[in-house]
2 protein chains.
Amino acid sequence: MAELTSNSLSTGRPAEAPDRAPTIKDVAERAGVATSTVSRALSNPDRVNRVTRERIQQVAAELNYIPSSQARSLSSGRTLAIAVLVPDVTNPFYFDIIRGTQHQLKAAGYTQLLVDTEESSEMEQDTLSKMRRSVDGYILAASRLTDAQLAEAAGSQAIVTINRASANAPTVVIDTPGAVVQALEHLTSLGHSKICYVSGPPTSWSNAKRWKTFEEESRERGIITSRVGPFAPKTTSGAAAADAAARTGATACIVFNDLLAIGMLQRLRERGIRVPEDMSIVGCDDIFGADFCNPPLTTIASPIEQAGRVAVSMLLSQLNPLQGATNRRLAVMPTHLTVRSSTGPAPL
Amino acid sequence: MAELTSNSLSTGRPAEAPDRAPTIKDVAERAGVATSTVSRALSNPDRVNRVTRERIQQVAAELNYIPSSQARSLSSGRTLAIAVLVPDVTNPFYFDIIRGTQHQLKAAGYTQLLVDTEESSEMEQDTLSKMRRSVDGYILAASRLTDAQLAEAAGSQAIVTINRASANAPTVVIDTPGAVVQALEHLTSLGHSKICYVSGPPTSWSNAKRWKTFEEESRERGIITSRVGPFAPKTTSGAAAADAAARTGATACIVFNDLLAIGMLQRLRERGIRVPEDMSIVGCDDIFGADFCNPPLTTIASPIEQAGRVAVSMLLSQLNPLQGATNRRLAVMPTHLTVRSSTGPAPL
DNA sequence: CAATTTTTGGCAATCGCTTGCCGAACGTGT
DNA sequence: ACACGTTCGGCAAGCGATTGCCAAAAATTG
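Bear in mind the structure is a predicted one, so any value in this text is a computation, not a measurement. (Residues numbered from 1 in each chain as written. Chains lettered and ligands numbered in written order. Predicted model: local features only at pLDDT ≥ 70, side-chain atom pairs only at ≥ 80, totals over all residues. Heavy atoms only, no water.)

A. Layout of the overall build of chain A. Tallying secondary structure elements over chain A gives 13 helices and 12 strands in all. For chain A, the C-alpha radius of gyration of 26 Å lies well beyond 20 Å, the compact-globule estimate for 348 residues. Projecting the C-alpha coordinates of chain A onto the three principal axes gives extents of approximately 90 × 40 × 35 Å. Within chain A, buried positions represent 52% of all 348 residues. Within chain A, contacts between residues separated by at least 24 positions form 69% of all contacts whose residues are at least 6 apart in sequence. For chain A, the accessible area works out to roughly 14900 Å², and carbon and sulfur atoms hold 50% of it. (Helix = DSSP H or I, 4+ residues; strand = E, 2+ residues; numbered from the N terminus. Rg over C-alpha atoms; globule rule 2.2 N^0.38 Å. Buried < 20%, exposed > 50% of the residue type's maximum accessible area, 1.4 Å probe, protein only. Contact = heavy atoms within 4.5 Å. Areas by Shrake-Rupley, 256 points an atom, 1.4 Å probe, with all protein chains shown as cover.)

B. Summary view of the sheet that holds strand 6 (residues 194–198) of chain A. Residue and element names in this part refer to chain A. Strand order in the open sheet made by the six strands is 7-6-8-9-10-12, with mixed pairing throughout. Either end of the sheet is taken by a strand with one partner, and the two such strands are strand 7 (224–228) and strand 12 (336–338). If you compare each strand with its neighbour and ignore which way they point, the axes differ by 20° on average. As judged from the three bridges shared by strand 9 (residues 280–284) and strand 10 (residues 298–301), these two strands associate in the parallel manner. For Val282, the partnering residue across the bridge sits in strand 10 and is Thr298. Here helix 12 (residues 258–270) sits on the sheet in contact with strand 6, strand 8 (252–255), strand 9 and strand 10, set at roughly 155° to strand 9. (Pairing = 2+ DSSP bridges. Axes fitted to C-alpha atoms, helices over the stretch in contact; angles between N-to-C directions.)

C. A look at the pattern of salt bridges. The final tally for this structure, using the stated rule, is 36 salt bridges over all chains. In this structure, Arg267 of chain A engages Asp243 of chain A in a salt bridge whose closest nitrogen and oxygen atoms are separated by 2.8 Å. Note that Arg267 of chain A is positioned in helix 12 and Asp243 of chain A in helix 11 (residues 238–247), a separation of 24 residues in sequence. Residue class for Arg267 of chain A comes out partly exposed when judged on its relative accessible area of 26%. For Asp243 of chain A, a relative accessible area of 22% corresponds to the partly exposed category. Put simply, Glu185 of chain B and Arg221 of chain B hold a salt bridge, and the shortest N to O gap is 3.0 Å. In this pair, Glu185 of chain B is assigned in helix 9 (residues 176–189) and Arg221 of chain B in helix 10 (residues 205–221), connecting sequence segments 36 residues apart. The exposure class assigned to Arg221 of chain B is partly exposed, which follows from its relative accessible area of 29%. (Salt bridge = Lys/Arg side-chain N within 4 Å of Asp/Glu carboxyl O.)

D. Local environment of the packing of helix 2 (residues 24–31) of chain B against helix 4 (residues 50–63) of chain B. Residues and elements named next belong to chain B. Direction vectors running N to C along helix 2 and helix 4 enclose 125°, while the axes themselves pass 9 Å from each other. Classified by the angle their axes make, helix 2 and helix 4 are oblique. Viewed along their axes, helix 2 and helix 4 form a crossing whose handedness is right-handed. Counting all contacts with helix 2, which are made through Asp26, Val27, Arg30 and Ala31, the residues of helix 4 involved are Arg55, Ile56, Val59, Ala60, Glu62 and Leu63. When grouped by side-chain class, the residues that make up the contact of helix 2 with helix 4 number six nonpolar, no polar and four charged. (Parallel < 35°, antiparallel > 145°, perpendicular 65-115°, else oblique. Left-handed = near helix turned anticlockwise from the far one by under 90°. Nonpolar A, V, L, I, M, F, W, Y, C, P; charged D, E, K, R; others polar.)

E. Representation of the protein's contact with DNA strand D within the structure. Around DNA strand D, 26 residues are found, and the nearest of them are Thr37, Arg47 and Thr52 of chain A together with Ile24 and Ser39 of chain B. In the interface set of DNA strand D, defined as its atoms within 4 Å of the protein, sugar plus phosphate atoms amount to 61%. Contacts to DNA strand D include Ala71 of chain B, whose backbone N or O atom sits 3.3 Å from a base nitrogen. Broken down by secondary-structure element, the contributors of at least two residues to the surface near DNA strand D are helix 3 (35–43) and helix 5 (69–76) of chain A together with helix 3 (35–43) and helix 5 (69–76) of chain B. Per-element accounting of the surface near DNA strand D gives the leading share, five residues, to helix 5 of chain B. In terms of residue class, the surface near DNA strand D is made up of nine nonpolar, 11 polar and six charged. (Near = heavy atom within 4 Å. Polar contact = N/O pair within 3.5 Å; in protein donor to acceptor, adjacent residues only side chain to side chain.)

F. Representation of the protein's contact with DNA strand C. As a matter of local geometry, DNA strand C sits amid 26 residues, with Ile24 and Ser39 of chain A together with Thr37, Arg40 and Thr52 of chain B nearest to it. Between DNA strand C and the protein, one listed contact pairs a phosphate oxygen with a side-chain N or O atom of Ser39 of chain A at 2.5 Å. Those elements giving two or more residues to the surface near DNA strand C turn out to be helix 3 and helix 5 of chain A together with helix 3 and helix 5 of chain B. Top contributing element to the surface near DNA strand C by residue count: helix 5 of chain A, with five residues. Along the lines of polarity and charge, the residues of the surface near DNA strand C split into nine nonpolar, 11 polar and six charged.

G. Region of the structure containing the sheet that holds strand 10 (residues 298–301) of chain B. Residues and elements named next belong to chain B. Across the sheet, which stays open at both edges, the six strands sit in the order 7-6-8-9-10-12 with mixed pairing between neighbours. The sheet is open, and its two edges are formed by strand 7 (224–228) and strand 12 (336–338), each paired on a single side. Neighbour-to-neighbour, the strand axes of the sheet open up by a mean angle of 20°, direction not taken into account. In terms of strand pairing, strand 6 (residues 194–198) meets strand 7 through five bridges, oriented parallel. Bridged to Tyr197 within strand 7 is Arg227. Strand contacts of helix 12 (residues 258–270): strand 6, strand 8 (252–255), strand 9 (280–284) and strand 10, with the helix running at about 155° to strand 9, the strand carrying the most contacts.

H. Examining the environment of Leu140 of chain A more closely. All names here are of chain A. Residue placement: Leu140 occurs in strand 3 (residues 137–141). Taking C-alpha positions, Leu140 is 13 Å from Gln112, a pair spaced 28 residues apart along the chain. If sequence neighbours within four positions are ignored, Leu140 has contacts with Leu85, Glu124, Leu128, Leu145, Leu150, Ile159, Val160, Thr161 and Ile162.

I. Region of interest: the interface of chain B and chain A. Counting residues at the interface gives 49 residues for chain B, matched by 50 residues for chain A. Of the roughly 4300 Å² buried between chain B and chain A on both sides combined, carbon and sulfur atoms contribute 58%. When the buried area of chain B at its contact with chain A is split by residue, Gln70, Arg133 and Phe292 of chain B rank highest and sum to 17% of it. Counting the contacts that link chain B with chain A gives four salt bridges. Put simply, Asp116 of chain B and Arg99 of chain A hold a salt bridge, and the shortest N to O gap is 3.7 Å. Where chain B packs against chain A, one counts 13 residue pairs in polar contact (both at pLDDT 80 or more). (Buried area = accessible area lost by both parts, 1.4 Å probe.)

J. Summary view of the nonpolar core. In terms of nonpolar packing, the biggest core is built from 144 residues, with Val198 and Ile281 of chain A together with Val172, Val198 and Ile281 of chain B touching the most fellow members. Every residue in contact with Val198 of chain B, bar those within four places of it in the chain, is listed here: Val228, Phe231, Ala241, Ala245, Cys253, Ile254, Val255, Phe256, Leu260 and Met264 of chain B. (Core = buried A, V, L, I, M, F, W, Y, C linked by side-chain atoms within 4.5 Å.)

K. How the structure looks around unusual backbone geometry. Residues and elements named next belong to chain A. With omega at 10°, the peptide bond leading from Val275 into Pro276 counts as cis. As for its position among the elements, Pro276 is in the loop between helix 12 and strand 9. Omega for the peptide link from Asn294 to Pro295 comes to -5°, which places this bond in the cis form. Along the chain, Pro295 falls in the loop between strand 9 and strand 10. Phi is positive for Glu119, which is not a glycine, with a value near 60°.

L. Seen up close, the environment of Pro276 of chain B. Residue and element names in this part refer to chain B. We classify Pro276 as buried; its relative accessible area is 16%. As a C-alpha pair, Pro276 and Gln58 span 218 residues in sequence and 66 Å in three-dimensional space. Those residues in contact with Pro276 that lie beyond four places of it in its chain are Ser341, Ser342, Thr343, Gly344 and Pro345.

M. The side chain of Ser280 of chain B, seen in detail. Residue and element names in this part refer to chain B. Tracing the backbone through its elements, the reader meets Ser280 in strand 9. Residue classification places Ser280 among the buried residues on the basis of a relative accessible area of 0%. In contact with Ser280, not counting residues within four places along its chain, are Leu187, His192, Thr251, Ala252, Cys253, Ser342, Thr343 and Gly344.

Okay, structure coming up:
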């Protein structure tokens, strides 16, 4: 990088463009070809003779030429950027999704635009419309949109959702039913028969899904269910959640997510309700912190980072329909119950 | 959004552009003016008559016109995008920085490009050069660059660093010396006289800074110091760190960051070393989880989100030098010691 | 009311790159 | 050698904005 100034000096005449970033034109001139040839050599290598191509590539490298993504997308129509919308960047659940998408996008030469929609469907919609010109597609993690909104959006742009099934867009979800069943069996085998579901945000699809499965499966097993909430998916909502759950007389709770569960843990301890002796707690997501909270949380784990990666590949295959690719519309990530210390035998 | 199709129908003739996003030209035609006027009406309102401007704005709204950021930046030279580079998106320490920058950038009409540099200075450099055409500036959180690299980069582009002082770029740092002094006083007042510093990554500026202050201040107070490490700033490195620290015979540790400290907590518990009875631990950063780990961590807290915000405003004022703005080159965020349960009286 | 200044809006060049189209050069089969 | 199919590289027209320059219109002034 540093040597290229000296490099242009070595051409004989002083460097023409002292500082300004080199453009395709600079490369073309220096290589003695037209800009169109440079363009092709760089982005459509087969279209140009090998020796020409190599010369151009060499010159480009010497000049440290980097094509302007703006100019490129202006003329080509593709931006090579994908927006990833998450309800809350500080929620650890999304960390791994973000990392997963980031990895996969970068590998494919795309840029990731991360947007925090602050749990607001308005903001989500707004972003969707404001960014439509600047990205090729969207990944919506835990979208708060209604079905209708989602359908409309998916009609005009490439979208993949995570943890939000929809008939209109490809989706990657985690296997909630399977997960709930595992949790339920774990709890019943420990002797619990009165179990409470601690509900997350009303606009959350996965919350609805979890509750539904929980209720159905519980009925089948003759478990007495109750439900409290909704609560915001934050540790700070845990106190209220814990109090509400304690009142129901349940001996175990399945909690919408780990954030809430961890908050509950703290509150229960304050109130002298022992976990798991008096009350068992099962969380969801196995987020950062679930393993070192007190007590460590039994929780439903899932390969979240992979979910992000899968979402990206689904989106990209939607954007660049390859030959033999069977466009998957749905991916279900497996789950497993990670048992730690927040669950134990039911009190007598 | 939905009404605009019907809107164009109501003009009498069928909608001209059925689907394609409306361009400035569409707006111009519909409003009966030239594109240049539309451009001005929208981004330089004083340059155009009030009634014309309002008509244009109305038409733009009807059409749901959104200017193409690519086209805009091609001609104007500004991208209205800022890249934020962090060493590890899944490190909770950066969450709040990210959220802070995101907020502030959005408020100023900028787009945030988040990049995970994976603790690698090569990747950081690479990003810096690859993105130079697509962003107006960079925020480097905990940069791993050398001084020389940083200086070079800062020479050709707008940069603000966080937690990395540099003569060449404006910086926001947290008040490490103050923090270390607080921690030290806390520990000495509890009777500790042999304290170990648990070191983070060798390329981390704040690590170096913390160690330096620790050593100096300890010397003044007659404390016997030791140092172990370096360790990667992850909970998984905590085990090795704990073992190493235990060997030193120190009764208290000041740990590079909370991630590492939390990992140590787990290991110490496994080994039956009680915290704080046998060993006191002080972390840094007060990240998510520091309050609910076991035992809750005494740590040095700092307004991280605000650091992100400040960094953004420093960067923006660098980009758009306002009139009376005294361009600050350095912002120091205050710190305070949050005492929880991981520190206690020194063993006899 | 003429002269001058200020507003206001349009023209057209430009930003850097992609791509459809075309012609030159180069093989090939007969 | 001739007609024909390929390959390769250049020309030039955009992509959708911004902006310097200019002229028409309006406002101000003496």
